[in-house]
Every structure is written in structure tokens, then in C-alpha cells.
Amino acid sequence: MKVVVIGAQWGDEGKGQIVDYLANEAQIIVRYAGGANAGHTIVTGGEEYALHLIPSGIFYPDKIVILGAGMVIDPVALFSELKMLQDRGIDTTGRVFISDRAHIVLPRYIQIDKDRDAARKKPIGTTGRGIGITYSMKSDRDGIRMADLTWREKMDELEKGDREFLAPYIDRLLSMSIDLSLYLVHRKNSQVLFEGAQGALLDLDLGTYPYVSSGMSCAAGAAVGGCVGPRAIDKVLGVFKAYSTRVGNGPLPSEFDPGSEDELCRFVRDTGREYGVTTGRPRRCGYLDLVSLRYACLTNSIDSLVMTHLDVYDTLDEIKACVSYRIGDRIVENFPASIADLNAAKPVLRSFPGWKKSLASALTYEEFPEAAMEYIEFIERFCETPIDIVSVGYDRKATIIRKSPWTR
Ligand code: IMP
């Protein structure tokens with residue numbers, strides 16, 4: 001079976017933790033998009049790890065992890081992450097592979113990324129990891145793929161600085177390089193987990209363009225970046241937080257009002273630890289935006305949802321979620337493409353009673369307070385998608401499974 005896990009918001013939904021949990025039953029974990037712009041926090045064995053490139057399944061000693069064709073690989077970041085894992089006792093030998101079609105990030109792309117964003121009238125607020133530049137070199141057909149490292153003519157044509165940068169990495173990169181498509185064909189009966197990065201609303205085509213990342217972070221990206229056809233995918237899981245966050249610029253229609261709701265914003269940010277793993281930037285926070293979540297479900301064929309960070313709301317008297325937008329004098333129920341509309345959108349909020357109780361002790365969904373169930377079941381009806389997993393803490397034990405993700 002092949003299962004895709006994507007972020008259903010603007011990234012940082014807690015995918016790393018969920019993938020880490022689901023990887024238990026997979027043999028192979030493939031990350032299919034983005035690069036070192038991503039930041040996944042995983043807590044395992046009482047230790048906290050931050051990963052940027054390596055799929056979260058690495059913490060299981062018997063799992064194979066693969067960096068897919070849709071990814072852009074910064075060799076400096078990759079080898080420092082592998083070293084960090086080895087230094088902390090995680091043996092990665094012979095378990096990390098890279099698609100021979102993945103593109104390579106060069107240091108000068110990183111500088112161009114930073115300079116270009118700083119020069120923009122309205123910066124996107126990129127992570128400064130050279131991601132957009134590497135993808136544009138790819139679309140311009142000037143990129144360097146893993147497979148190109150063995151193509152003498154191409155290597156000879158590179159600028160001296162690029163050649164010198166790559167030279168010490170070539171052998172190590174090639175030792176990890178595989179034909180991903182064939183690799184998966186030869187393991188037809190394996191359970192494969194495709195791990196998304198960023199989120200549905202940061203996808204280059206389906207997201208809030210131009211305030212997006214440059215890879216295919218949508219579910220369809222799993223097929224392209226994972227080197228399988230779309231019909232090979234059996235199931236898509238969409239991970240979302242009980243509220244909304246975003247790092248960088250761009251519309252966040254349900255953002256807490258910076259004036260009147262400062263306190264709520266601070267509370268959510270601190271309780272949910274809403275600071276970027278890659279850049280340390282405080283994340284912008286807001287109410288759960290059901291308009292965009294429903295859009296993410298529709299455009300990504302999400303079969304079931306995974307809700308995270310629900311425990312952040314444990315102490316609140318009242319919880320609100322955005323169910324439509326007011327744009328001028330219109331009420332809009334569907335997620336608009338226009339950035340002007342999204343910037344002008346004011347959230348129409350629906351209120352729910354809080355449960356005023358810690359969810360941490362619940363071992364099954366049935367043990368949740370009724371008010372928490374009400375909030376969950378409203379979201380299911382609104383998005384016409386079941387919520388099969390609810391996470392109420394960072395530990396593996398804090399993940400409540402209502403229906404196994406490894407069933408169709
Ligand atoms: P880039 O991917 O560095 O080009 O950044 C483009 C936009 O996507 C910026 O707003 C980033 O903050 C955002 N972004 C990129 N990767 C992530 C992620 O993993 N989580 C959240 N936001 C991200």
C-alpha cells in the first residue's frame with residue numbers, strides 16, 4: 001500500500017511527528033518535495049530532533065528513507081544532518097538514498113535567493129535556503145541533477161566555483177543515488193509512506209501564489225516527486241493543526257487580530273511552540289480556517305484528516321473557527337485564487353464551547369470530552385472528510401487513532 005501524508009495548511013502542521021508515528025508500519029519512507037526549507041521536529045526516546053532534509057522515518061533502525069526526485073538537495077545541509085544523526089547514535093548507514101533525478105542546491109543559489117527576496121518590494125519571506133532558485137534553474141533546464149554528477153561533459157561545463165564546491169561531495173552523493181522508480185517497482189509489496197513537506201497552501205500551483213514555496217507540496221507531487229504514477233497512490237492523509245499558522249508573508253485570512261487578540265495569539269504561539277524550526281521566526285497564528293482546509297481536501301483528494309495540537313485549546317472557554325470570508329460586502333465560501341481578495345478577506349467565525357480539561361490523559365477518542373468531539377465532528381462535516389487521527393501532544397503515545405491509516 002502507498003500512503004501520502006501532506007500538510008493541509010501553510011506547513012508546520014506536525015507532519016514530521018505523524019510520519020514518524022506512521023512509519024512504524026511502513027518499510028520505505030520517501031520525501032517528495034522541497035529541500036532544507038522544511039523543518040520537522042520529532043520527539044523520540046525523550047530526545048528532540050530537528051530534521052530538514054532526511055525523512056522522519058530515519059528513527060526506526062530498519063526503515064529505508066529516500067529523498068525523492070521532486071526534492072532539491074543541499075549537500076552541505078544533507079551531510080551535516082547525517083552527521084548530527086550519527087553523533088546522536090542514529091545509525092543511518094545504508095538506509096538513506098536519493099533519487100538520481102533530484103536536483104542539487106549550489107551555495108550561489110542560496111545567496112541569490114536571499115538577495116532577490118530582499119530586493120522584492122513585497123518580500124515572500126523565503127527561508128533563504130536557495131529553494132526557489134534551484135527550482136527555477138530546473139525549469140530553465142539549467143539545473144544539476146544527481147545523475148548529472150556522472151555526466152563528464154556537463155560537469156566540465158560548470159563554472160569553476162560550482163565544480164570546486166561539488167568535488168568533495170560527488171562520491172558520497174553517488175553512493176546514495178538510486179533509480180527511484182525501479183527501486184519501488186522491485187518492492188511492489190512494500191508499504192511506502194510518501195512524506196510531504198511545506199503544505200497544500202504553499203504549493204506552487206494550488207497555493208497562495210506568489211506567496212508559496214516552489215516545489216509540488218500538493219498530494220499530486222507525491223506521484224511526480226516519488227517517481228510513481230498517480231494511480232499507484234492508495235490513500236492521502238492531510239495533516240492540519242487545530243488553528244492556523246504561517247511563516248513568511250502572504251495572506252492568512254483568519255489571522256488573530258493583532259490589536260484586539262494579542263493575548264490569544266501569544267497564548268497559542270507559546271503553548272503550541274509556534275516558532276520556525278528552520279529560521280526560528282515566530283509563526284503568525286490565527287483561527288482554524290475551514291474554508292482553506294476544505295479547499296485543501298478537494299484539491300488533494302484527501303481521504304482522511306489528521307488533526308494536531310488540539311491540546312493547545314485545553315484551557316480556553318470558547319473556541320472559534322472561520323467558516324467563510326467577508327470580502328467587501330460579499331460572503332465567500334470558497335477559497336479564492338486572488339491575493340487581493342484573500343488580503344481583503346475578514347473571517348466569519350463560528351463559536352464552540354471549550355472543554356476546559358486536559359486531553360493528555362485520553363487514550364482513545366471515546367475518552368475525549370464531549371465539547372472536543374463536537375469541534376472535531378463539525379470539522380468533519382464541514383470538510384466532508386473524516387478525521388481519523390488526533391494528536392494531543394508531542395510524544396508518540398499522544399496520537400489517538402480512530403481508524404488505521406494503513407487501511408483503505
Ligand atoms: P522558500 O521555500 O524558502 O522559497 O519560502 C517560500 C515560502 O514558503 C516562505 O513564506 C516560507 O516561510 C514558506 N515555507 C517554506 N518551507 C516551509 C516549511 O517547511 N514550513 C512552513 N513554511 C515554509
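Here's a quick rundown of the structure. Counting of residues starts from 1 at the beginning of each chain's written sequence and follows it residue by residue. With pLDDT at 70 or above as the cut-off, local features in this predicted model cover only qualifying residues; side-chain atom pairs require 80 or more to be listed or tallied, and sums for whole chains, interfaces and linings still use all residues. Each side-chain value is worked out from all heavy atoms of the structure, with water and hydrogens disregarded.

### Section: the packing of aromatic side chains
- Pairing of aromatic rings covers Phe, Tyr and Trp, the last through its six-membered ring, and needs centres within 6.5 Å; plane angles under 30 degrees mean stacked, over 60 mean edge-to-face, and all others mean tilted. In this structure the tally under the stated criterion is 14 aromatic pairs.
- Both rings, one in Phe 165 and one in Tyr 169, keep their centres 5.4 Å apart while their planes meet at 55°; by these two values the pair is tilted.
- In this structure an aromatic cluster arises from ring pairing among Tyr 243, Tyr 313, Phe 352, Trp 355, Tyr 375, Phe 378 and Phe 382.
- Any Lys NZ or Arg CZ that is within 6 Å of a ring centre and within 35 degrees of that ring's normal is treated as a charge sitting over the ring. Stacked on the ring of Phe 79, the Lys or Arg Arg 172 has its end atom at 4.2 Å from the ring centre.

### Here's the deal with unusual backbone geometry
- A cis amide bond, omega 5°, links Tyr 209 with the succeeding residue Pro 210.
- In this fold, Pro 210 is placed in the loop between β10 (192-195) and α9 (220-225).
- Even without glycine at this site, Arg 141 takes up a positive phi of about 65°.
- Secondary structure is summarised from DSSP: a helix means a run of H or I of at least four residues, a strand means a run of E of at least two, and numbering begins at the N terminus for each. As for its position among the elements, Arg 141 is in the loop between α4 (131-139) and α5 (152-157).
- Backbone geometry at Lys 356 places phi at a positive 50°, although glycine is not the residue there.

### Quick word on empty space enclosed by the protein
- Here a cavity denotes a set of grid points, spaced 1 Å apart and computed over the protein atoms alone, in which a 1.4 Å probe fits but from which it cannot get out, and a pocket denotes an open set meeting protein on both sides within 12 Å along at least five of seven lines; residues with an atom within 4 Å of a point are reported as lining. Grid points are joined across faces, edges and corners, and a volume is the space filled by probe spheres set on the points. Counted according to the given criterion, the structure contains one cavity of 30 Å³ or more.
- Lining the largest cavity are Ala 33, Gly 34, Tyr 135, Gln 198, Leu 202, Ser 213, Gly 215, Met 216 and Ser 217.
- When its residues are assigned to classes, the lining of the largest cavity shows four nonpolar, five polar and no charged. Each residue gets one label: Ala, Val, Leu, Ile, Met, Phe, Trp, Tyr, Cys and Pro are nonpolar, Asp, Glu, Lys and Arg are charged, and the others, such as Gly, are polar.

### Comments concerning the packing of helix α3 (residues 107-119) against α4
- Taken N-terminus to C-terminus, the directions of α3 and α4 make an angle of 110°; their axes are 7 Å apart at the nearest point. Judged on the interaxial angle alone, α4 and α3 are roughly perpendicular. When you trace α3 past α4, the crossing you get is right-handed. Judged by residue contacts, Tyr 109, Ile 112, Asp 113 and Arg 116 of α3 engage Ile 131, Ile 133, Thr 134 and Met 137 from α4.
- Here the residues of the contact of α3 with α4 sort into five nonpolar, one polar and two charged. Here an axis means a line fitted to C-alpha atoms, over the contact stretch when the element is a helix, while the angle between two N-to-C directions is reported on a 0 to 180 degree scale. When an angle is under 35 degrees it counts as roughly parallel; over 145 it counts as roughly antiparallel; between 65 and 115 it counts as roughly perpendicular; any other value is oblique. By the definition used in this description, the sense in which the near helix is turned from the far one sets the handedness, with an anticlockwise turn below a right angle giving left-handed and a clockwise turn giving right-handed. What makes two residues a contact is simply this: any of their non-hydrogen atoms within 4.5 Å.

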